[in-house]
Amino acid sequence: LFRFVIICFVLFRFVLLSLQDILVPMTSSLYVKGSLAKTDTVLVDIGTGYYVEKTPEEADDYLKRKISYLGDNCEKLESNISEKRKNIEAVTMVLQARIRAMNEQAQPGAKSS
């Protein structure tokens, strides 16, 4: 999600300032200086190695929708995880109560033998 927010910010600066010089990522830690030959369109990675050519405005709209979608999914996942943790706690408490009850039943029987 953070990656898409950064990309959206960079795209906004690109459109606003009509930047020609950019840093091109070669690896996660290596960037080289480059320049754009064509600034009226950008390539947008839509996943699994597919790229779509869009205008900067269309790319900005796509990124905003993607950020919104990912944000909504993160919220849903957080609520699901919270619910699952509560379920695990409830099951753990029931198991501990049953183990205590079994131990209490076993201890009086062991003393009388």
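For the structure, check the block above.
Cut-offs applied
- Chains are numbered independently. Their residues run from 1 in the order of the written sequence.
- The predicted nature of this model means local features are confined to residues of pLDDT at least 70 and side-chain atom pairs, given and counted, to a pLDDT of 80 or more, with totals for whole chains, interfaces and linings taken over all residues.
- For side-chain calculations, the full set of non-hydrogen atoms in the structure is used, while hydrogens and water are omitted.
- Only when DSSP finds a minimum of two bridges between them are two strands counted as paired.
- Comment: elements are numbered from the N terminus, with helices defined as DSSP H or I runs of at least four residues and strands as E runs of at least two.
- Think of it in three bands: with a 1.4 Å probe and only protein chains considered, a residue is buried below 20% of the maximum accessible area for its type, exposed above 50%, and partly exposed in between.
- Under the convention used here, Asp and Glu are negative, Lys and Arg are positive, and both His and the chain ends fall outside the count.
- We define a salt bridge as a contact between a side-chain nitrogen of Lys or Arg and a carboxyl oxygen of Asp or Glu at a distance within 4 Å.
- The contact rule is simple, with two residues in contact once any of their heavy atoms fall within 4.5 Å.

Novice: How should the pairing of strand E2 (residues 31-35) be read in this particular structure?
Specialist: Pairing between strand E1 (residues 21-25) and E2: five bridges, direction antiparallel. Note that in E2 the partner of Asp-21 across the bridge is Ser-35. Turn length for the E1-E2 hairpin, with the two strands adjacent in sequence and antiparallel, is five residues.

Novice: Help me understand the pairing of strand E3 (residues 42-47) in this model?
Specialist: Along a regular strand, successive side chains alternate from one face of the sheet to the other. In terms of strand pairing, E3 meets strand E4 (residues 50-54) through five bridges, oriented antiparallel. Within E4, the position partnered with Leu-43 by the bridge is Glu-53. Between E3 and E4, which pair antiparallel in sequence order, lie two residues; one of them, Thr-48, sits at a positive phi of approximately 50°.

Novice: Got a minute to help me understand the side chain of Lys-54 in this structure?
Specialist: Topologically, Lys-54 is positioned in strand E4. Of the side chains with opposite charge, Glu-58 comes closest to the buried, unpaired Lys-54, at an N-O distance of 5.3 Å. Aside from chain neighbours lying at most four places away, what touches Lys-54 is Thr-41, Val-42, Val-44, Ala-59 and Tyr-62.

Honestly, that's just the spatial picture; any functional story needs more than this.
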